[in-house]
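# Fold and geometry: a report
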Amino acid sequence: MIRINENYLKLQASYLFSDIAGRVSAFQQAHPDREIIKLGIGDVTRALPRACIKAFHRAADEMAEDSTFRGYGPEQGYPFLREKIVAHDFNARGADISPDEIFVSDGAKCDTGNIQEIFATDIKIAIPDPVYPVYVDTNVMAGRTGEFDNGRYKNILYMECTRENNFIPDLPSEPADLIYMCFPNNPTGTTITKDRLQTWVDFAHESKAIILYDAAYEAFIRDDSLPRSIYEVEGAREVAIEFRSFSKTAGFTGTRCAYTVVPKDCAGYDSNGEKHMLHSLWHRRHATKFNTVSYPIQRAAEAIYSEEGKAQVRELADYYLNNAKIIRKEMTAAGFECVGGDNSPYIWIYGKRDSWEFFDMLLQKAGVVCTPGAGFGKCGEGYIRISAFNSLENVQKAMENVKRET
Ligand code: MLT
């Protein structure tokens, strides 16, 4: 009799975004004539930048000739892409990262979900609430938590993000080994200053902890004083792993390309207190379980860093930021308290009622799909998240509908 991993039984019935998709599809079937505008899951709607498409086509043509064909690529990704990443995303901003510290992958969701494998099961994890559900669920699957009770898993140190702390968690009051952070934040859209981030890096040094820093939304930062990478903060090389994605930056949600930075200075300890470098562990894991991203896609990603690509990518993010501005303005005018949306594609809205009730009301009355805050954690109750990833026309229409119906 084959036995299952019973940790899976602790999980909530379905992944948040699958749950929402199920509800929307049931509503659509019951009301086939109703138009639905999706501002729920953060999925991009605009075409890939021209520079990426051109590079993608060129690389596909190379695969058609024996002389230029490529088979398995280098484990960590092609050097042409890793060198561009380092030069533009890190060195140009004064962050000391080298190409052999970059691991190209097919998504920040996979990497933030998989990274926990290189750490012991009995460590203490600190996770913000509300939070991107992947961080929590993957730790549940790995057996790092207890049962789900009253909206929370036992044995997680939840870091509450509420309007009282401007949705930026306070430093943990108890020791923590692995700390999850995400800025610009998903789901609240808030950002963190360099000084504030420095306190977290210092805390990680003091407690020999590691910060997992998800910067998937950095392309939406327009306030130049804000850090785009944790490595812009002193001492972060020893205590932080960073995750980046081309999904939202350049519309790669269906194309798949991302990367993770594991500096060679980050260490963990075995049960005898002996030090081991996390880079070697992640390299071992990556080489064993992953075959990197296809050559044409890495060429398409590289094109983001050309002059043409940089301008197109900026224009893409500006387009969604303009949507975010409209959403925030209209929701505020409709009497709702909002945060986010200025350096982020997400707007976090206090709905003045149960968040699933607000979700149902928006869907049924206004035909607008949002994400209920409660799906991101206990502290998300009462809130909804609206995503700016859609066309301007749809965002305007959605806001008209909301104004009329609320
Ligand atoms: C979200 O809506 O939170 C994101 O799109 C989910 C993801 O990137 O996996």
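Residues numbered from 1 in each chain as written. Predicted model: local features only at pLDDT ≥ 70, side-chain atom pairs only at ≥ 80, totals over all residues. Heavy atoms only, no water.

On to helix H11 (residues 355-366). For H11, which comprises twelve residues, the first-to-last C-alpha distance of 16 Å matches the rise-based estimate of 16 Å (1.5 Å per residue) to within 8%. Those residues of H11 not exposed but buried are Ser355, Trp356, Phe358, Phe359, Met361, Leu362, Leu363 and Ala366. Considering only its buried residues, H11 is in contact with helix H1 (16-30), strand S15 (368-369), strand S16 (371-372), strand S17 (383-387) and helix H12 (392-405). For H11, the N-terminal cap is Asp354; the gap from its side-chain oxygen to the backbone nitrogen of Trp356 is 3.1 Å. (Helix = DSSP H or I, 4+ residues; strand = E, 2+ residues; numbered from the N terminus. Expected span 1.5 Å × (residues − 1). Buried < 20%, exposed > 50% of the residue type's maximum accessible area, 1.4 Å probe, protein only. Contact = heavy atoms within 4.5 Å. Polar contact = N/O pair within 3.5 Å; in protein donor to acceptor, adjacent residues only side chain to side chain.)

So, on to the pairing of strand S8 (residues 210-214). Burial of S8 is extensive: five of the five residues sit out of reach of the surface. In terms of strand pairing, strand S7 (residues 178-182) meets S8 through five bridges, oriented parallel. Residue Met181 lies in a different strand from S8, and its bridge partner there is Tyr213. In this region the chain leaves S7, passes through helix H6 (residues 194-207) and returns to the parallel neighbour S8; the handedness of that crossover is right-handed. Here S8 runs beside strand S9 (residues 240-245); their pairing, made up of four bridges, is parallel. Following the sheet pairing, Tyr213 is matched in S9 by Glu242. (Pairing = 2+ DSSP bridges. Right-handed = clockwise from strand over helix to strand, strands pointing away.)

Moving on to the site of the ligand. By nearness alone, every residue bordering the ligand is listed as Phe17, Ile41, Gly42, Tyr132, Asn186, Tyr217, Lys248, Tyr346 and Arg385. A distance of 2.6 Å separates an oxygen atom of the ligand from a polar backbone atom of Gly42. Between Asn186 and the ligand, the recorded distance is 2.9 Å, taken from a side-chain N or O atom to an oxygen atom. Taking 270 Å² as the accessible area of the ligand by itself, protein coverage stands at 86%. Residue composition of the shell around the ligand, by class: five nonpolar, two polar and two charged. A domain-level breakdown of the shell around the ligand finds at least three residues from each of domain 1 (6-47 + 308-405) and domain 2 (53-306). (Near = heavy atom within 4 Å. Areas by Shrake-Rupley, 256 points an atom, 1.4 Å probe, with all protein chains shown as cover. Nonpolar A, V, L, I, M, F, W, Y, C, P; charged D, E, K, R; others polar. Domains from an automatic or database assignment.)

Between its first and last C-alpha, H1 extends 22 Å over 15 residues, near the 21 Å set by a 1.5 Å rise per residue. Of all the residues in H1, the buried ones are Leu16, Phe17, Ile20, Val24 and Phe27. In an axial view of H1, the angular spread of the buried residues amounts to 90°, which keeps them on one side of the axis. The outward face of H1, more than 90 degrees from its buried face, is lined by the exposed residues Gln29 and Ala30. Looking at the buried positions of H1, the neighbouring elements they touch are strand S1 (37-38), helix H5 (133-141), H11, S15, S16 and S17. (Arc of directions from axis to C-beta.)

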